[in-house]
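Listed here are the chains, written in short residue letters.
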Amino acid sequence: MVTAAQQTASSPDAALTFPKGFLWGSATASYQIEGAAAEDGRTPSIWDTYARTPGRVRNGDTGDTATDHYHRWREDVALMAELGLGAYRFSLAWPRIQPTGHGPAVQKGLDFYRRLVDDLLDKGIQPVATLYHWDLPQELEDAGGWPERATAERFAEYAALAADALGDRVKTWTTLNEPWCSAFLGYGSGVHAPGRTEPVAALRAAHHLNLGHGLAVQALRDRLPADARCSVTLNIHQVRPLTADDADTDAVRRIDALANRVFTGPMLQGAYPEDLLKDTAELTDWSFVRDGDLRQIHQPLDFLGVNYYTPTVVSTTDGSGTHTSDGHGRSAHSPWPGADKVAFHQPPGETTAMGWAVDPTGLYDLLRRLAADFPRLPLYITENGAAFDDYADPSGQVNDPARIAYVRGHLAAVHRAIVDGADVRGYFLWSLLDNFEWAHGYSKRFGAVYVDYPTGTRIPKASARWYAEVVRSGVLPGA
């Protein structure tokens, strides 16, 4: 009898069967899809402010309307049901629930999420709620934002409000989505909201995001039923050296500390890496880490969410190198404090519309590393997908074979990792819908469902139909 492992090794393009109970879903984020930016008590977030600042976002696009999910959520849930999704990962908009970042919740905001969750449950779709996907209330940024300890404390209070309102229906919770982006793109390079370019503030923000995570997990545990699950989602960078030289290997170590271990260290092991503290010592003495903080941050988790799109290739330079090939947007300011002598390089091969290399081996290597480093922590792929230049043809169809090939290759990498011992229990395709792609505005389409922005019409792409069959069967067809 040929085992799954032998099948994978001998015929990587063969059909692959995923384990029974593997969770299939898709994901979105509040600012990218909801719109209704000033309705029912919602106040501006940092992304509202950033997007409305001339020159920040391509074409001057904003999320004021986005895909109008706030009004079309029933239609979108019906699409999820049509695709057979087992789960839907969405984020709560902090300024819709608690507009000023402190004080009581706005019931109209909570009611929107109550209705959404009820409809998901009615259709057999598991709701997976993320507390923070980058839309910090502007009032909290005006008071200093994530570089300030008070923001972490406010975040825990917001988590408690959300748990009290939705904890009887939502059983799976994520505290933060990609805190690296919040800290280092928001406060380092400035290519994300709030657009600040302050290296020390970026490191302070990273710590207070860690602290906010730990405090929020405690607030959730205090209020949720015993069977509820708590997690965090990290965009773990799969960092590779340009050459086998020791100097390039050290560049990998340095970026791995700033990209990954700055979060996995305190969250999962209870300490910041010593090499990170040493690498950034010329910038800060890390005195903003107070006694007891690491104990607060290091909370037991039920699983780790992993976002992956492309690998990162680095080398060591004389200090005249560039970070502009790191895939995170161009800026005169680096998102890598203390790494001035690291250069980033475009990986070889095919790219997506984002300019990101298509390389499923990076996902396999990443999952194997996480399984080795944290063997008792289950993993979920909480984002994976690709942007391509999709369009509706004259018949109204959207054919996207490149996306099907991308997803198929990455799902094959997930399957291989499972066979080789990684405890991966689910996959969430990014994204359900075309949407507002941050500083790229509406110019990049990641969705399985095409959105005609002038009319709001939704058109499932060929990849959506293909993914629906994978979800239905649990079998990845051969290439």
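Procedures and definitions
- Residues numbered from 1 in each chain as written.
- Predicted model: local features only at pLDDT ≥ 70, side-chain atom pairs only at ≥ 80, totals over all residues.
- Heavy atoms only, no water.
- Helix = DSSP H or I, 4+ residues; strand = E, 2+ residues; numbered from the N terminus.
- Rg over C-alpha atoms; globule rule 2.2 N^0.38 Å.
- Buried < 20%, exposed > 50% of the residue type's maximum accessible area, 1.4 Å probe, protein only.
- Contact = heavy atoms within 4.5 Å.
- Expected span 1.5 Å × (residues − 1).
- Bend = angle between axes of the 7 residues up to and from the residue.
- Phe/Tyr/Trp six-rings, centres within 6.5 Å; stacked < 30°, edge-to-face > 60°.
- UniProt positions renumbered as here; feature names shortened; annotations may be inferred.
- Polar contact = N/O pair within 3.5 Å; in protein donor to acceptor, adjacent residues only side chain to side chain.
- 1 Å grid on protein atoms, 1.4 Å probe; cavity = no way out; pocket = protein on both sides within 12 Å on 5 of 7 lines; lining within 4 Å.
- Points joined across faces, edges and corners; volume = space filled by probe spheres on them.
- Nonpolar A, V, L, I, M, F, W, Y, C, P; charged D, E, K, R; others polar.
- Pairing = 2+ DSSP bridges.
- Axes fitted to C-alpha atoms, helices over the stretch in contact; angles between N-to-C directions.
- Parallel < 35°, antiparallel > 145°, perpendicular 65-115°, else oblique.
- Left-handed = near helix turned anticlockwise from the far one by under 90°.
- Core = buried A, V, L, I, M, F, W, Y, C linked by side-chain atoms within 4.5 Å.

The subject of this paragraph is the overall build of the protein. Scanning the protein from terminus to terminus reveals 16 helices and 15 strands. For 479 residues, the compact-globule estimate of 2.2 N^0.38 gives 23 Å, and the protein sits close to it at 21 Å. Projected onto the principal axes, the alpha-carbon positions of the protein cover approximately 55 × 55 × 45 Å. By the burial criterion, 61% of the 479 residues in the protein qualify as buried. A separation of at least 24 residues holds for 77% of the contacts in the protein among residues at least 6 apart in sequence.

Between the first and last C-alpha of helix α11 (residues 246–269) there are merely 27 Å, a value that for 24 residues lags more than 12% behind the 34 Å anticipated at 1.5 Å per step. The largest bend along α11 measures about 60 degrees and falls at R261. By the criterion of burial, α11 is predominantly enclosed, with 17 of the 24 residues buried. One or two steps after α11, the chain reaches G270, where phi turns positive at roughly 85 degrees.

Summed over all chains, the structure comprises 36 aromatic pairs. Each ring, one from W94 and one from Y132, has its centre 6.2 Å from the other, and the planes form 85 degrees; the classification is edge-to-face. One end of the pair, W94, is in helix α5 (residues 94–97); the other, Y132, is in strand β4 (residues 126–132), and 38 residues separate them in sequence. The exposure class of W94 is buried, given its relative accessible area of 0%. Judged by its relative accessible area of 1%, Y132 falls in the buried class. With a centroid separation of 4.7 Å and an interplanar angle of 10 degrees, the aromatic rings of W94 and Y158 are classed as stacked.

What follows covers the UniProt feature "active site" (unreviewed entry) in the protein. Here, UniProt's "active site" (unreviewed entry) annotation points to E383. Within the secondary structure, E383 is located in strand β11 (residues 379–384). Residue contacts for E383: discarding those within four places in its chain leaves R89, H133, N177, E178, V306, N307, Y308, Y309, F428 and W430.

The next point concerns the side chain of T62. Mapped onto the fold, T62 is located in the loop between α3 (46–51) and α4 (69–83). On the basis of relative accessible area, T62 is assigned to the buried category, the value being 17%. At 3.2 Å, the side chain of T62 forms a polar contact with the backbone nitrogen of D64. Setting aside anything within four residues of it in sequence, one finds T62 in contact with Y31, A51, R52, F436 and Y442.

Looking at the largest pocket, its volume works out to about 930 Å³. Lining the largest pocket are 44 residues; nearest its centre among them are G327, H328, G329, M354 and W356. Looking at side-chain class alone, the lining of the largest pocket contains 18 nonpolar, 20 polar and 6 charged residues. In this model, the second largest pocket occupies a volume close to 320 Å³.

The subject of this paragraph is the sheet that holds strand β10 (residues 342–345). Here we have 3 strands laid out as an open sheet, ordered β7-β9-β10, and mixed in their pairing. Sheet topology places β7 (239–241) and β10 at the edges, where each strand pairs with a single neighbour. Along the sheet, successive strands turn relative to each other by an average axial angle of 40 degrees, direction set aside. As paired elements, strand β9 (residues 312–316) and β10 share 4 bridges and run antiparallel to each other. Bridging from a neighbouring strand, V313 pairs with H345 of β10. Sheet contacts for α11: β7, β9 and β10; angle to β9, the most-contacted strand, approximately 125 degrees.

To continue, consider the packing of helix α9 (residues 179–189) against α11. Taken N-terminus to C-terminus, the directions of α9 and α11 make an angle of 130 degrees; their axes are 10 Å apart at the nearest point. As the angle between them shows, α9 and α11 are arranged oblique. For the pair α9 and α11, the crossing hand works out as right-handed. Taking contact as the criterion, the partners of P179, W180 and F184 in α9 are, on α11, L258, A259, V262 and F263. Looking at side-chain class alone, the contact of α9 with α11 contains 7 nonpolar, no polar and no charged residues.

A separate point is the pairing of strand β5 (residues 172–177). Working note: regular strand, side chains alternate between the two faces of the sheet. In terms of residue burial, β5 counts as a mostly covered element, since 6 of its 6 residues are buried. Across 4 bridges, β4 lies against β5 in parallel orientation. Across the sheet, the residue bridging to A129 is W173, located in β5. In terms of strand pairing, β5 meets strand β6 (residues 229–234) through 4 bridges, oriented parallel. Counterpart to N177 in the pairing with β6 is T233.

Glancing now at the nonpolar core. By size, the foremost hydrophobic cluster in this structure holds 159 residues, and its most contacted members are W47, L92, L131, W173 and F184. Among the elements that take part in this core, helix α10 (residues 199–223) stands out by supplying 11 residues, more than any other. Once residues lying within four places of it in the same chain are set aside, the contact partners of F184 are S189, A202, L203, A206, L258, V262, F263, P335 and P337.

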